Amino acid sequence: MTGPILRTMDLRKSFGELEVLKGIDLTVEPGERIAIIGGSGSGKSTLLRCLNFMELPTAGRVELDGALIGQVQTARDGTERITYAERALTQVRRRVGMVFQQFNLFPHMTVLQNTMEGLITVDRMPRQQARERAMAELARVGLAEKLGAYPSQLSGGQQQRVAIARALAMQPEVLLFDEPTSSLDPELVGEVLRTIHTLAEEGRTMLLVTHELGFAYRFATRVLYLYDGLVHEEGTAEQIFRAPQREKTRAFIERSSEFSL
Amino acid sequence: MPYEWDFLAVLAQWPLLLSGLLGTIKIAVIAIAAGVIVGGLVAAMRLSRLWPVRLLGTIYVDFYRNTPGILHFFWFYYALPVLSNVSLGPLEAAALALATQSGAFYAEVFRGGIGSIRKGQWEGAKALGMIRGQALRRVILPQAARRMIAPFTERSFEIIKTTSLASTLSYGELLYQGMMVASITFRPLETYTLLALIYFALLFSLSALAKWGESRLQAY
């Protein structure tokens, strides 16, 4: 039995005066699929972005595969602070993949080049090998026909699938999805969710921040409801969506599914 | 009595004008090449994560932005030999003055181009595990370069026109040679008209070249 792949302890993040995360304890076991839901401003995206250090936590600890990220420094008054060296964060990001709301594909590279880029620049993989890996991942997301296209020539849904292939090519230990369908036209949401769903069936460790509660219900092995920078309630999808224990959770689920069919 | 134009007397002095044109091209090439290097360094300073380095870069740019170019020419030519033992010829002094001031302007072109790339591109690169330098080289600069072309061309044209200030140091560029031709021929009207045409032809053909270069970079 191996330990958790990812763990946070009392994770906090402030932007100036505003404290967005107020102490998050989260343990992610290998193979878990965690959906993070909550209202806007609840801190769910910030939490995800702290896990691969797109944002640096203000306080608290993050452990990847049992190893603390960053250096603990003890001040003279005994308080502990963690400092983060760029190199160490780079290695964490290499192992934790991220898919963004805005795709963030590189517009000057083709679909294939986008997918190969991390392997070539970061891993220094030989070009031929990187090409094969990238093509395999693009085939997995159903875009084997679009290798030579530029992102601007693709629909939003296709772009997001390229972004997923690009993240997969690095063979990350954990995959983070930050509202992957929020900037898509409604008719393009399905293809991206289907792609994410096939990854779920492969037993990958994934965390997903989403407004698509229906998808979260089917996707997640565990659901976190964030409210005001804290995990307000967590449980299985069944528990959170069908039998929420706390009033705020219940209200959020009701509000969010008010107009669903 | 209407003025009688006589370009033939002026055109007869073509060797002087040609050497002036070559002088202008020479100093412009030096100024632009050196300016790009200085500009790259200053832009890197202004984008540094260390604030003292950033401050130095800002002071440099502000100094050149807020002082007239001709003062730099005078300073390098007349003041430098007094303050140090370095005595520069007109070409060296003018080239140095132009290179340092163009460096300040190019730095702003480079910084502006890099700053115009949205944050998500940096994040996309970082999420793959790239360090800052890799992200800059592979993701940011290739996109920024395209946006830099137009302001870069604009700045370079300013520099080519500013080379005429080197005439104040008696450097034999186009304007200085033109003044000689005017005093030999007593035909200033024709001479300066012709000079304008030569400058126009030079810059216009360069801008056609720049447009062609820009269109070739519109790959995506």
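All values derive from a computational prediction rather than experimental measurement. (Residues numbered from 1 in each chain as written. Chains lettered and ligands numbered in written order. Predicted model: local features only at pLDDT ≥ 70, side-chain atom pairs only at ≥ 80, totals over all residues. Heavy atoms only, no water.)

Our focus in this paragraph is empty space enclosed by the protein. All chains considered together, the criterion is met by 1 cavity of 30 Å³ or more. The space that makes up the largest cavity amounts to roughly 60 Å³. As for the largest cavity, its lining consists of Met-98, Val-99, Phe-100, Phe-103, Ala-163, Arg-166 and Ala-167 of chain A together with Gly-124, Ala-127 and Leu-128 of chain B. Where the lining of the largest cavity is concerned, the elements lending two or more residues are β8 (96-99) and α5 (156-169) of chain A together with α6 (119-127) of chain B. Looking at which element gives the most residues to the lining of the largest cavity, the answer is α5 of chain A, with 3 residues. Of the residues in the lining of the largest cavity, the class split is 8 nonpolar, 1 polar and 1 charged. (1 Å grid on protein atoms, 1.4 Å probe; cavity = no way out; pocket = protein on both sides within 12 Å on 5 of 7 lines; lining within 4 Å. Points joined across faces, edges and corners; volume = space filled by probe spheres on them. Helix = DSSP H or I, 4+ residues; strand = E, 2+ residues; numbered from the N terminus. Nonpolar A, V, L, I, M, F, W, Y, C, P; charged D, E, K, R; others polar.)

Residue and element names in this part refer to chain A. The backbone phi angle of Phe-103 is positive, close to 65°, even though this residue is not glycine. Of note, Phe-103 is situated in the loop between β8 and α3 (111-121). Residue class for Phe-103 comes out buried when judged on its relative accessible area of 10%. Residue Arg-124 is not a glycine yet carries a positive backbone phi of 55°. Looking at where Arg-124 falls in the secondary structure, it is placed in the loop between α3 and α4 (127-140). (Buried < 20%, exposed > 50% of the residue type's maximum accessible area, 1.4 Å probe, protein only.)

What follows concerns the packing of aromatic side chains. Inspection of every chain in the model, using the stated rule, returns 14 aromatic pairs over all chains. Here the aromatic rings of Trp-5 of chain B and Phe-7 of chain B are separated by 5.7 Å at their centres, their planes lie at 10°, and the arrangement is stacked. Take Phe-7 of chain B: its relative accessible area is 29%, and that puts it in the partly exposed class. Cluster of aromatic residues (ring-pair linked, three or more members): Tyr-3, Trp-5 and Phe-7 of chain B. Between the NZ or CZ atom of Arg-33 of chain A and the centre of the ring of Phe-219 of chain A, over which it lies, the distance is 6.0 Å. Its end group placed over the ring of Phe-105 of chain B, Arg-155 of chain B keeps NZ or CZ at 4.1 Å from the ring centre. (Phe/Tyr/Trp six-rings, centres within 6.5 Å; stacked < 30°, edge-to-face > 60°. Lys NZ or Arg CZ within 6 Å of the ring centre and 35° of its normal.)

What follows covers the UniProt feature "domain: ABC transporter" (unreviewed entry) in chain A. In the numbering adopted here, UniProt assigns the feature "domain: ABC transporter" (unreviewed entry) to residues 6-253 of chain A. End C-alpha atoms of residues 6-253 of chain A are separated by 27 Å, and the span's content is 38% helix alongside 27% strand. (UniProt positions renumbered as here; feature names shortened; annotations may be inferred.)

Residue and element names in this part refer to chain B. Running from N to C, helix α8 (residues 174-185) and helix α9 (residues 188-216) point in directions that differ by 155°, and their axes come no closer than 8 Å. Considering their axes alone, α8 and α9 lie roughly antiparallel with respect to each other. As α8 packs across α9, the resulting crossing turns out to be right-handed. Contact residues: α8 offers Leu-174, Leu-175, Gly-178, Met-179, Val-181, Ala-182 and Thr-185, while α9 offers Pro-188, Thr-191, Tyr-192, Leu-195, Ile-198 and Tyr-199. A breakdown of the residues in the contact of α8 with α9 according to their chemical character gives 10 nonpolar, 3 polar and no charged. (Axes fitted to C-alpha atoms, helices over the stretch in contact; angles between N-to-C directions. Parallel < 35°, antiparallel > 145°, perpendicular 65-115°, else oblique. Left-handed = near helix turned anticlockwise from the far one by under 90°. Contact = heavy atoms within 4.5 Å.)

Another aspect to go through is the side chain of Asn-52 of chain A. Within the secondary structure, Asn-52 of chain A sits in the loop between α1 (44-51) and β4 (59-64). Once you skip the residues sitting within four places of it in the chain, Asn-52 of chain A turns out to touch Arg-93, Val-96, Met-98 and Leu-176 of chain A together with Ala-127 of chain B.

Two faces belong to every sheet, and in a regular strand the side chains alternate between them. Residue and element names in this part refer to chain A. Burial analysis of strand β3 (residues 33-38) places 6 of its 6 residues in the buried class, the great majority of the element. Neither face of β3 is exposed, since Arg-33, Ala-35 and Ile-37 on one face and Ile-34, Ile-36 and Gly-38 on the opposite face are all buried. Summarising the sheet, β3 and strand β10 (residues 206-209) pair through 4 bridges and their orientation is parallel. The partner of Ile-34 across the bridge, within β10, is Leu-207. Of the pairings in the sheet, the one linking β3 to strand β11 (residues 222-227) comprises 5 bridges and is parallel in character. Counterpart to Ile-34 in the pairing with β11 is Arg-222. (Pairing = 2+ DSSP bridges.)

All names here are of chain A. Along the chain, the position of Gln-160 falls in helix α5. For Gln-160, a relative accessible area of 0% gives the class buried. Excluding residues within four positions of it along the chain, Gln-160 makes contact with Val-99, Phe-100, Gln-101, Phe-103, Pro-180 and Val-192.

Once that is clear, we can look at the confidence of the model for chain A. Confidence along chain A averages 93 in pLDDT terms, with 99% of residues attaining 70 or more. Within chain A, the element-level pLDDT minimum falls on strand β7 (residues 80-83) of chain A, averaging 86, and the maximum on α3 of chain A, averaging 97. (pLDDT = per-residue confidence, 0-100.)

As a further point, take the interface of chain A and chain B. The interface of chain A with chain B comprises 27 residues on the first partner and 22 residues on the second. Carbon and sulfur atoms supply 57% of the area buried between chain A and chain B, which totals about 2100 Å² over both sides. Applying the counting rule to chain A against chain B returns 3 salt bridges. Of the charged contacts, one joins Arg-138 of chain B and Glu-117 of chain A as a salt bridge, the two residues approaching to 2.7 Å between their closest N and O atoms. Counting across the interface, chain A meets chain B through 8 residue pairs in polar contact (both at pLDDT 80 or more). Of all the elements in the fold, those that place two or more residues in the side of chain A that touches chain B are α2 (86-95), β8 and α3 of chain A. Per element, the largest residue contribution to the side of chain A that touches chain B is 5 residues, and it comes from α2 of chain A. (Buried area = accessible area lost by both parts, 1.4 Å probe. Salt bridge = Lys/Arg side-chain N within 4 Å of Asp/Glu carboxyl O. Polar contact = N/O pair within 3.5 Å; in protein donor to acceptor, adjacent residues only side chain to side chain.)

All names here are of chain B. Mapped onto the present numbering, the UniProt feature "transmembrane region" (unreviewed entry) falls at residues 20-44 and 189-210. Helix makes up 100% of residues 20-44 and strand 0%, and the two end C-alpha atoms of the span are 36 Å apart. Each end of residues 189-210 is marked by a C-alpha atom, and these two atoms are 32 Å apart; helix forms 100% of the span and strand 0%.

The subject of this paragraph is the pattern of salt bridges. All names here are of chain A. Evaluation of the coordinates by the stated rule reveals 28 salt bridges over all chains. Measuring nitrogen to oxygen at the nearest pair gives 3.8 Å for the salt bridge that ties Glu-238 to Arg-242. One end of the pair, Glu-238, and the other, Arg-242, are both in helix α8 (residues 237-242), 4 residues apart, so they sit about a helical turn from each other. For Glu-238, a relative accessible area of 43% translates into the label partly exposed. Classification of Arg-242 as exposed rests on a relative accessible area of 59%. Between Glu-247 and Arg-250 there is a salt bridge; the shortest N-O distance is 3.6 Å.

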